[in-house]
Amino acid sequence: MRENPPRRRNKPRRDDAKRASTALPNNQSDQAALRERVKELTCLYGIAQVAGRPGAPLDRVLQEIVQLLPPAWQYPETAQARIVLDGRAYSTPGFREAGARQAAQIVVNGGTRGVIEVVYLQARPAAQEGPFLKEERSLIDAVSRQVALVIERREAEDDKLWLRDQLMHADRLATIGQLAASVAHEINEPLGNILGFAQLARKCPGLPNQASHDVQKIVTASLHAREVIKKLLGFARQTPPKKALVNLNQVVEEGLYFFQGGCAKTGIELVRSLSADLPDIVADPVQLSQVLVNLVVNAMQAMPKGGKLTVTTSASDGCVSLIVEDTGIGMSQTTVRKIFQPFFTTKGDGQGTGLGLPIVQSIVSAHGGSIKVQSRPGRGTRFEIRLPIQSPKPEKDGDGDPPLDSVSKAPGGTYGGAPR
Ligand SMILES: Nc1ncnc2c1ncn2[C@@H]1O[C@H](COP(=O)(O)OP(=O)(O)OP(=O)(O)O)[C@@H](O)[C@H]1O
Ligand SMILES: [Mg+2]
C-alpha cells in the first residue's frame, strides 16, 4: 500500500504557477467584462424604468435616457452622449462634436427619425470599433431600439388621444353648425337694422362729438358682429367642396397677390417657394384660397412688427403640401392644442372670431387632407397642409374638350369662381 502522498497541492509546482499566472489576467479581464455587462444592464434597466413611467413627456424621457448612457460605456469619465430626434437634441452637459464617436440611428415605423451618439472627448486605446467595444455597439443598437419603441408607443397614445379629441370636436362642430345656422339668421336682420340706423345717425348734422363717437362704436361693433355671423354661416353651411382640377401654385399666386401691399406696409418680407412641377389635384379652388387666406392672415397678424412670411408648395408621397411659415409671436403648446376649437381666439378687441382655423380644418378634412402645426413662442409658426393627389377621371366631351369642371391653368387664367 502506498503511503499518503506528500501534500504537493500546497506547494505550487511550476505548471501550477504557470496556470495561475495565466488565470490571473483572465480572471481580471473576466471581472472587467462582467463589470461592463453590469453597467450595460443597469443602463438598459434604467431606460426601461424611465420609459415605463406613465404620463412623463417624451422630452423629459429622452433627456433622462441620455444621462444614463455615458456611465454604461467603458470610459465614462470622458464619455458624453446626445440623442437627436426630429432635429431636436437632448444631450449630456459636456457634449461636443469631437473625438471618437459611436452612433446608432433611431428608426421608428421604418423611417429614420434621429440618432443616438456617444463620444469620447479624449483619446482612449483602440478596441473593436475605434476605442469602443463590440459590446458597446450592441448596447447602443439596443438603446436605439428601446428609444424607437418608446417613441412609437408615445405616438400611438397621442394618436389615440387625438382621435378622441377629434370625435369630441366633430360632435361640437355638428351642434354648433345646427345652432349657428338658426341663430345667425335670427340675428342677421336686427343687426342689419342696428348697423343701418347707426350709419344714418352718424350722418345727422350737428351731432355732439361724444354722441358721434358712441355711434361710431356701434357701427364698428355691428360690423364685427356681422363678420362673425358671416363666418359662422360659412362654417355651419358645410357645403361639400365643388371639386375641379386645380394647381395649388396658381391658388397661391392669385391669393398672395392681394397681400403683397399689406406685407410691404408692415415690414413683412413675403417669400414664395413654389415647386416648379407641382401636380394638379382635385379640389375646390375657392375653398383652397380660403385656406390660404386664413393662414396668411394669421401669419401676418402674428408679425405686427414685421418678419418673414414664407409660402411653400411641394409634392411627395402622393400628396401636395402648402406650407405657411412665419417668424412671428408663435404659440405655447397649450394654445396649439386649442386652435381648432371654434371661437378660440387670443386676439382681443374684436379682432378675431376664432373661426379661421376651424374653417381651415373642415375644408382640409373634406378634401381628405391633414394639417400639421409647429410653433414656438417668440420664434414663429409653421402650418403644413397636405392634400392627396387624387387621380381625376376626366369626363371628356366627344370632341376632346377638357373636362367640364377643369380649371384653366393658363397664366392669368381664373378658376370657376372668384376667391371669396
Ligand atoms: N401664425 C400664427 N401665429 C401665432 N398664433 C396663431 C397663428 N395662427 C393662429 N394662431 C392662434 O390661433 C388662434 C385661432 O386662430 P383662428 O384663425 O382660428 O382665429 P383668429 O385668427 O383668432 O380669428 P379669425 O376668425 O378672425 O381668424 C389665434 O387667435 C391665435 O392665437
Ligand atoms: Mg384667423
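These remarks concern the structure in this document. (Residues numbered from 1 in each chain as written. Chains lettered and ligands numbered in written order. Predicted model: local features only at pLDDT ≥ 70, side-chain atom pairs only at ≥ 80, totals over all residues. Heavy atoms only, no water.)

**Notes on the site of ligand 1**
The immediate surroundings of ligand 1 are formed by 21 residues, with Thr-345, Thr-346, Lys-347, Thr-353 and Leu-357 found nearest. In the environment of ligand 1, an oxygen atom lies 2.4 Å from a nitrogen or oxygen atom belonging to the side chain of Thr-353. Within the contact set of ligand 1, an oxygen atom lies 3.1 Å away from a backbone nitrogen or oxygen of Gly-354. Among the elements of the structure, α7 (285-301), α9 (356-366) and β11 (380-388) are those that each provide at least two residues to the shell around ligand 1. (Near = heavy atom within 4 Å. Polar contact = N/O pair within 3.5 Å; in protein donor to acceptor, adjacent residues only side chain to side chain. Helix = DSSP H or I, 4+ residues; strand = E, 2+ residues; numbered from the N terminus.)

**Side note on α7**
Compared with an ideal rise of 1.5 Å per residue, which puts 17 residues at 24 Å, α7 spans 24 Å between its outermost C-alpha atoms and is within 8% of the ideal. For α7, the buried fraction is high: 13 of the 17 residues fall into the buried class. Looking at where α7 begins, the residue whose side-chain oxygen comes 2.9 Å from the main-chain nitrogen of Val-286 is Asp-284. (Expected span 1.5 Å × (residues − 1). Buried < 20%, exposed > 50% of the residue type's maximum accessible area, 1.4 Å probe, protein only.)

**A few points about α9**
Owing to its 3.6 residues per turn, the α-helix brings residues three or four apart onto one side. Of all eleven residues in α9, eight are buried; the element is thus mostly enclosed. Every buried residue of α9 is accounted for by Gly-356, Leu-357, Pro-358, Ile-359, Val-360, Gln-361, Ile-363 and Val-364. Looking one or two residues past α9, Gly-368 carries a phi angle of roughly 70 degrees, positive in sign.

**Let's talk about the sheet that holds strand β4 (residues 111-120)**
Spatially, β2-β1-β4-β3 is the arrangement adopted by the four strands of the open sheet, whose pairing is antiparallel. Strands at the two margins of the open sheet, each flanked by one partner only, are β2 (88-91) and β3 (100-108). In this sheet, adjacent strand axes meet at a mean angle of 20 degrees when their direction is disregarded. (Pairing = 2+ DSSP bridges. Axes fitted to C-alpha atoms, helices over the stretch in contact; angles between N-to-C directions.)

**Quick notes on the environment of Glu-325**
With respect to the helices and strands, Glu-325 occurs in strand β9 (residues 319-326). According to the relative accessible area criterion, Glu-325 is partly exposed, its value standing at 31%. Setting aside residues no more than four positions away along its own chain, Glu-325 makes contact with Lys-308, Leu-309, Thr-310, Thr-381 and Arg-382. (Contact = heavy atoms within 4.5 Å.)

**Comments concerning the side chain of Arg-82**
By the secondary structure assignment, Arg-82 is in strand β1 (residues 79-85). At 2.6 Å, the side chain of Arg-82 forms a polar contact with the side chain of Glu-97. Every residue in contact with Arg-82, bar those within four places of it in the chain, is listed here: Val-66, Ala-89, Tyr-90, Ser-91, Phe-95, Glu-97, Val-115, Ile-116 and Glu-117.

**Remarks on the sheet that holds β9**
Pairing between the strands of a sheet comes from backbone hydrogen bonds, and it takes one of two forms, parallel or antiparallel. Here we have five strands laid out as an open sheet, ordered β6-β8-β9-β11-β10, and mixed in their pairing. Of all the strands in the sheet, the pair left with one neighbour each is β6 (268-273) and β10 (370-376). On average, adjacent strands in this sheet sit at an angle of 10 degrees to one another, irrespective of strand direction. Note: strand β8 (residues 307-316) against β9, eight bridges, orientation antiparallel. Note on β9: the bridge partner recorded for Ala-315 is Val-320. Sitting on the sheet, helix α5 (residues 248-257) touches β6, β8 and β9, and the angle it makes with β8 is about 165 degrees.

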